[in-house]
Structure formats: structure tokens, C-alpha cells
Amino acid sequence: MIDKILKVLKEQQISDYLLSDTNKETVELFFIKKNLDMRRAENVHSCSVTVYRDFEKDGVRCKGESGFVVEPSSTEEEIGAKCQKAWLAAGFVGNPYYELPEGSKEECVTVKTDMTQMSLEQAAGVMVKALFAADDQEKAFLNSAELFVEKNSCRIMNSRGVDVGYVKYNVNGEFVAQCREPQDVETYQHFSYDYLNTDGLTAMVKETLKMTQDRAVAQAAPATGVYDVILSDEYAATIFDFYKDRSDGSLIYQHYSDYKTGDFVQGEPGEVTGILLNLDYMPTVPYSDEGLPMKQLPCITDGVFQNIQASARFAFYLGVPATGRYRKIACAPGEDGFEEMKKRPGLYIVNFSDFQMDSMNGHFGGEIRLAYLNDGEKITPVTGGSINGSIFDAQKDFAFSREIQDTSKFSGPKAVLLKNVNVAGC
């Protein structure tokens, strides 16, 4: 398919382009309770094409771009029509000029994990066992689940010599836990790992079954007030999305982020009484979407911003090295034990109806589905109410657990303690 596309691009005299040829193999399993309801296997092949067009607008040099997708069944005539349409569209995109990445042909890289030595079906079998290993509670149970094991093969080429590729595996899915007594409640969870994280998945199911059972008996909302709040797992990871997003070259160039290398980003250094941030960009694939080599890079060291992560376009505008855009960030853990953190007076929130971290204004918040209120004497499951806070205030007093979590998008402390957070309750 690539040869056919290259032939059409040459015939149409399109000199600047980017091709991303992908082949996705999946094994998909669907369960009703513990019974396999449906098994499906897919193999999807497609190629995304981006064409670039240099032109001047009002005396300013511009580089426009437009893309389309080619399926294996596409004819040369169909590809040619899409090329013409994209070329015309690119002429209306007046981005300031930038240089495309340059490179050479490299050997295809396989991202080594414990899945590379087995079939997708075997990997799925391992994770199914982990999924249902903790489904032994008396009142709460898994009422449905979906599991996907994927093998993604990608080849990236451009008109400046880049020709690289990689093979990467992933396992992801979702499940719903249910408890019918004393009230019927459900808890939805999703997961994604780049290796066979059986322990992590079993622990997630076990914790979800417990929280679902506790949610069924929770009645009252916490009293309105200011609390020390503990967030764990995906909610803890979401807090760090703020720093990953603010370090993106596109936000910095457009002045949505004020991050500058060498700046302290946790407020004023003298005001920080909690842990200092140490974050790294973590590559999940060997090459970016543009074929840029990706490696582990420091993002923030002891609260000081180190490196902008940027595509070729925004790196060119900012005058910094092009790193590619990272999907995963790692945070150094803290020294506090998770169980000890939960023994302190405060609110440990284990489930929101929706929790969001706004990377533009630093606001975080969500509606509470289940939390554990520790009043210093006893721990009570509560439901209802919401939290509202600002990362600019919270980051001065961070406390992290020494226990860690590792998913496809985050590696770092399992739990984060945020002090003096506003809670709207009863």
C-alpha cells in the first residue's frame, strides 16, 4: 500500500508528506459475569497520509497541512482524488513556516515485554485469570467485563528521509462491579497496561469490589468544610496531567502555559513545605507520530522545569530540540506509607462520578460517589458532595505514598495527599 501511495504522491508532484502505516491485531473477549459471551479477533490495516504545502500569505511564509486515510482496498484513482483534496485544503491552513524532521531508514524496533514471546490469545488468557482472581466476594461481583489484547505495528515515513517502525503490545479493558444489597449500585473501571500487569489488575478488581460493597451501605454526604484529601490510582495520576500538559510546546507557544526551562514551577520556593516534584517524560513507543526518536527525559527536577516536550512544528517555533509528544509521565514516589496516610483525619476519595484536572487554570474537582471519612476516631463510608481545589495551592504541600502504580499513562505514587481542600457536602 505504501508503494501505491508514494507513486501517487510523485505523480501529483507533492514533495512534502508524512505517512503512518499501521496494522492493528486484536483479540477481544466479552464477559457476562464470569461467562465468556463473545470472542472476536480483528486485523485492521490503514495508512494515514499528511501532505504539506509551502506558500506565502501577506508576505509571510507559511506551511499548511491536511491529512486523509487510505484503506488497503483503495485504488490509485481514489488515492489521487484524496491527495488533490488534501493539497487544496492545505493551502487554507496558514501556519507559520517550520521544517519537517529529517532522518534515515532504521530497523523496525519491537518494544520488549512479557507479551512478545506469546500469542495474543495466550496473553489474553493470562489477564483473564488475573481479572477474575479476586471475584470471590459474597455481596459484590463483576457483572460484565471486556478485555482487549493488541499488537500494533507501525511504520513512519516522510519526504525528508525518515523511515522507522516499531511493534508494540498493549492490554486494556473495562469492567463493572455490582452490589445489590442494601441498595443496587455499580462501579465502572477501566485499565490499560503495556505489559501483563496481573498483580495490578487483580488488586484493582479487589479494591473495586470492596468499594462497591461500601458504596451500597453509604448514606450520608460529608459535612461541608475543608479537609485533607487523599486521591489514589487513576485520580492521583490525573493530578500529574497538569504538569505533562503545561510542559507541552504547543501550549507554551500559544501562551496557555507560562513554563520556561530553569523556572521553579511549584510556586515560590520558600513556600513549599511538602515534597518537591521530580517528573520524567516516559516513552511508550520508540518513535513519535512524526518519526522522532523518543527517550526518557527529565521534565521537572526538584520543582525546576527542565525540558519542553514538543512536536517538530512547535519545537521549530520555540527554538528547542524536537522531542515528540509524550503520553506517559513518571513521578518519584514519596516516603509515606499508604496505610499510614489513610489513618490520618481527612477524606479518602475512592470513586468520583467524574474527576477533572483543568490544565488551563489549575482547577480540579469532581462529584463524590464514595469516600471514607476519618474523623480521628472512626472511618465512615460517605457518598455525595463534591471537592474543589487549585493545584497552585495544593502543590505547596504535596505528600506522596511510597507505594507505586504503573499504567500505560502514568508511573508513580499510588496515592497523593492534598491538604486543605474545599468539600461541599451536607
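(A) Region of the structure containing empty space enclosed by the protein. Taken as a whole and assessed by the stated rule, the structure comprises one cavity of 30 Å³ or more. What the largest cavity holds in volume is close to 30 Å³. Lining the largest cavity we find Tyr-17, Leu-18, Tyr-52, Leu-100, Pro-101, Asn-158 and Glu-290. Broken down by class, the residue content of the lining of the largest cavity amounts to five nonpolar, one polar and one charged.

(B) Focus on helix α2 (residues 76–90). Taking 1.5 Å per residue as the helical rise, α2 with its 15 residues ought to reach 21 Å, and the 21 Å between its terminal C-alpha atoms agrees with that figure. Residues of α2 that are buried include every one of Ile-79, Gly-80, Cys-83, Ala-86 and Ala-90, and no others. The buried residues of α2 occupy one face: seen down the axis, they fall within an arc of 130 degrees. Opposite its buried face, α2 presents the exposed residues Glu-77, Lys-85 and Leu-88, each directed more than 90 degrees away. On the buried face of α2, the contacting elements are α1 (2–11), β2 (35–57) and β3 (60–70).

(C) Highlighting the layout of surface pockets. Its boundaries defined by the atoms lining it, the largest pocket holds a volume of some 690 Å³. Taken together, 32 residues line the largest pocket, and the ones lying closest to its centre are Met-204, Asp-233, Glu-234, Gln-405 and Thr-407. Contributions of two or more residues to the lining of the largest pocket are made by β7 (185–193), α4 (198–217), α5 (233–246), β13 (346–357) and β18 (404–406). Among the elements that take part in the lining of the largest pocket, α4 stands out by supplying seven residues, more than any other. By volume, the second largest pocket amounts to about 460 Å³. Along its surface, the second largest pocket is lined by 24 residues, and Asp-289, Glu-290, Ala-310, Ser-311 and Arg-325 are the ones closest to its centre. No other element matches the three residues that helix α6 (residues 249–253) contributes to the lining of the second largest pocket.

(D) Geometry of the nonpolar core. In terms of nonpolar packing, the biggest core is built from 60 residues, with Phe-240, Tyr-243 and Leu-347 touching the most fellow members. With seven residues, the single largest contributor to this core is α5. Apart from residues lying up to four places away in sequence, Leu-347 is in contact with Pro-222, Tyr-227, Asp-228, Val-229, Ile-230, Ile-368, Ala-371, Tyr-372, Leu-373, Val-382 and Val-423. Ala-123, Leu-147, Val-167 and Ala-216 belong to the second largest nonpolar core, which has 32 residues in total.

(E) Structural detail: the sheet that holds strand β12 (residues 328–331). Spatially, six strands are ordered β11-β10-β9-β12-β19-β18 in an open sheet, and the strand pairing comes out mixed. At either end of the open sheet lies a strand with only one pairing partner, and these are β11 (304–305) and β18. Pairing between β18 and strand β19 (residues 410–413): three bridges, direction antiparallel. Across the sheet, Asp-406 pairs through a bridge with Ser-411, a residue of β19.

Criteria and thresholds
- Residues numbered from 1 in each chain as written.
- Predicted model: local features only at pLDDT ≥ 70, side-chain atom pairs only at ≥ 80, totals over all residues.
- Heavy atoms only, no water.
- 1 Å grid on protein atoms, 1.4 Å probe; cavity = no way out; pocket = protein on both sides within 12 Å on 5 of 7 lines; lining within 4 Å.
- Points joined across faces, edges and corners; volume = space filled by probe spheres on them.
- Nonpolar A, V, L, I, M, F, W, Y, C, P; charged D, E, K, R; others polar.
- Helix = DSSP H or I, 4+ residues; strand = E, 2+ residues; numbered from the N terminus.
- Expected span 1.5 Å × (residues − 1).
- Buried < 20%, exposed > 50% of the residue type's maximum accessible area, 1.4 Å probe, protein only.
- Arc of directions from axis to C-beta.
- Contact = heavy atoms within 4.5 Å.
- Core = buried A, V, L, I, M, F, W, Y, C linked by side-chain atoms within 4.5 Å.
- Pairing = 2+ DSSP bridges.

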